[in-house]
Amino acid sequence: MEPTSNPIYSQHVAVIGAGAAGLITARELLREGHTVVVFEREKEVGGLWIYSPKTESDPLSLDPNRSIVHSSVYDSLRTNIPRESMGVRDFPFLPRFDDESRDPRRYPNHREVLAYLQDFAREFKIEEMIRFETEVVRVEPVDGKWSVQSKKSGDSSNDEIFDAVVVCSGHYTEPNVAHIPGIKSWPGKQIHSHNYRVPGPYENEVVVVIGNFASGADISRDIAQVAKEVHIASRASESDTYKKLPVPHNNLWIHSEIDTAHEDGSIVFKNGKVVYADSIVYCTGYKYHFPFLETNGYISIDENRIEHLYKHVFPPALAPGLSFIGLPAMGIQFVMFEIQSKWVAAVLSGRVKLPSQDKMIEDINSWYASLHALGLPKRYTHKLGKIQSEYLNWIAEECGCPLVEHWRNQQIVRGYERLVSQPETYRDEWDDNDLMEEAYEEFGRNKLISKNGFSSFQG
Ligand code: FAD
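Notes on the structure in this doc start here. (Residues numbered from 1 in each chain as written. Predicted model: local features only at pLDDT ≥ 70, side-chain atom pairs only at ≥ 80, totals over all residues. Heavy atoms only, no water.)

The tally for this structure, following the rule as stated, stands at 20 aromatic pairs. A ring pair is formed by Y116 and F334, whose centres lie 6.4 Å apart and whose planes are at 5°; its orientation type is stacked. Taken together, the residues Y116 in helix α3 (residues 110-123) and F334 in helix α5 (residues 333-349) connect sequence positions 218 residues apart. Taking the relative accessible area as the measure of exposure, Y116 reaches 3% and is therefore buried. Its relative accessible area of 5% is what places F334 among the buried residues. Considering the side-chain rings of Y310 and W343, the 6.0 Å spacing of their centres and the 50° angle between planes classify their relative orientation as tilted. Residue Y310 is located in the loop between β18 (305-307) and β19 (322-324), and its partner W343 is located in helix α5; the two are separated by 33 residues in the primary sequence. Exposure remark for Y310: the relative accessible area of 4% places this residue in the buried category. Grouped by ring-pair contacts, the aromatic residues F91, F93, Y116, F120, F124, F334 and F337 constitute a single cluster. When the ring centre of W430 is taken as origin, the NZ or CZ atom of R106, which lies over that ring, is 4.9 Å away. Taking NZ or CZ as reference, R111 lies 5.9 Å from the ring centre of Y51, over its face. (Phe/Tyr/Trp six-rings, centres within 6.5 Å; stacked < 30°, edge-to-face > 60°. Helix = DSSP H or I, 4+ residues; strand = E, 2+ residues; numbered from the N terminus. Buried < 20%, exposed > 50% of the residue type's maximum accessible area, 1.4 Å probe, protein only. Lys NZ or Arg CZ within 6 Å of the ring centre and 35° of its normal.)

Before going further, it helps to examine helix α7 (residues 388-399). With 12 residues, α7 should cover 16 Å at 1.5 Å per step; its first-to-last C-alpha distance of 17 Å lies within 8% of that length. Elements that come into contact with the buried residues of α7 comprise α5. Positive backbone phi, at 70°, marks G400, one or two positions downstream of α7. (Expected span 1.5 Å × (residues − 1). Contact = heavy atoms within 4.5 Å.)

Next up, the structure:
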């Protein structure tokens, strides 16, 4: 859709969350001329990247009355994509050689990501717009505007009216726990990766890790440094899968998924192998969860599909007043936040128009039909896989911003191939120097590298 020549409106916008999505969104809304209030229930910016050794009282996070620990970051976590691809496009995530506390590696640790987000918030003066330790408890449409009820710790709740609300509250805090037949009588310890921090508690244990995607692959190797044996149960593997993986202590196996668990402590895999385990670690992902939304049934979640969202951002019946940033799972998260929030900002100002409600619903239904035709269940609705760059470029064209760079897309593709073929070493040994050079040439051309080697914003 072409940008319109309509008058541009400035709206008063509430952003929920000051993680990467909320910070990037606040900046884009400001750039478009809106006024912004960011609500954040923690004391600082960074969201998921604020590591805490604290975990929830219920290790599976099933108790609805537990007190929530937001972050799912474990102590050994390093990024799973290279820093050049990860950073925002005009504020690249460059190594900071001027500060010894920073991690200059290409796949840095989680503290470095938090420091980058703090740099970003400082550079663009986002902190001034944030109300810290303020939780949004209710959001509802009222007479064409949005009522936002928030609660600052210790105070009574506060109601305010905004023209629009952008939800940036993250989706890696509400665990999805896989069901195992017989698990109720199984006597061992169970924990979800949301509450995993360090391998120490698993010393000399036999541990089953369920899931072999990013967290499962990392956590199984982390635990294998101290455990007696670690067995990964992988749903993506053939039913006869049974293989020893090359790790220093020679104690890591991959199996097909679990068949049953038993009272005597045994776990039976679909490949027929039996393991007597002390602990199960569920690396089985997370559920979308927006407890503060009151939208009279316009938004519902079914099998982890958020019904209905146009391009995973706008609910047609409530657009453009309500929007969501960061829902799809894909490689280049921060750039997705940037492109989606440029679109939201431009739609709110009237610079770009959305199609009619009917057309948006038609588009959503055709996406659902394409998933159905491929035999994919509803929980795949927001997993974009190979079409992620097509998706981002569609939005980028819609709001007239640059398309995703060739080197960035290719780094994600080749990084993923390395993750699969060399999971132990993909962060330290690579074969895509050509792509790294392309990235740094572009940063240089756009004058985004300062004398000290860190991001210098020229805008
Ligand atoms: P969050 O960072 O979760 O921020 C949401 C914020 O909203 C939080 O600060 C929270 O306190 C606040 N909030 C929530 N509810 C409320 C409320 N009601 N009121 C007020 N505030 C509220 N991505 C990468 O690009 N590279 C990686 O290497 C990478 N590794 C990952 C590793 C793990 C283990 C996980 C789980 C994810 C990883 N990701 C990675 C994806 C990651 O989710 C994104 O990078 C990104 O940081 C998410 O940002 P966000 O702002 O959407 O959510």
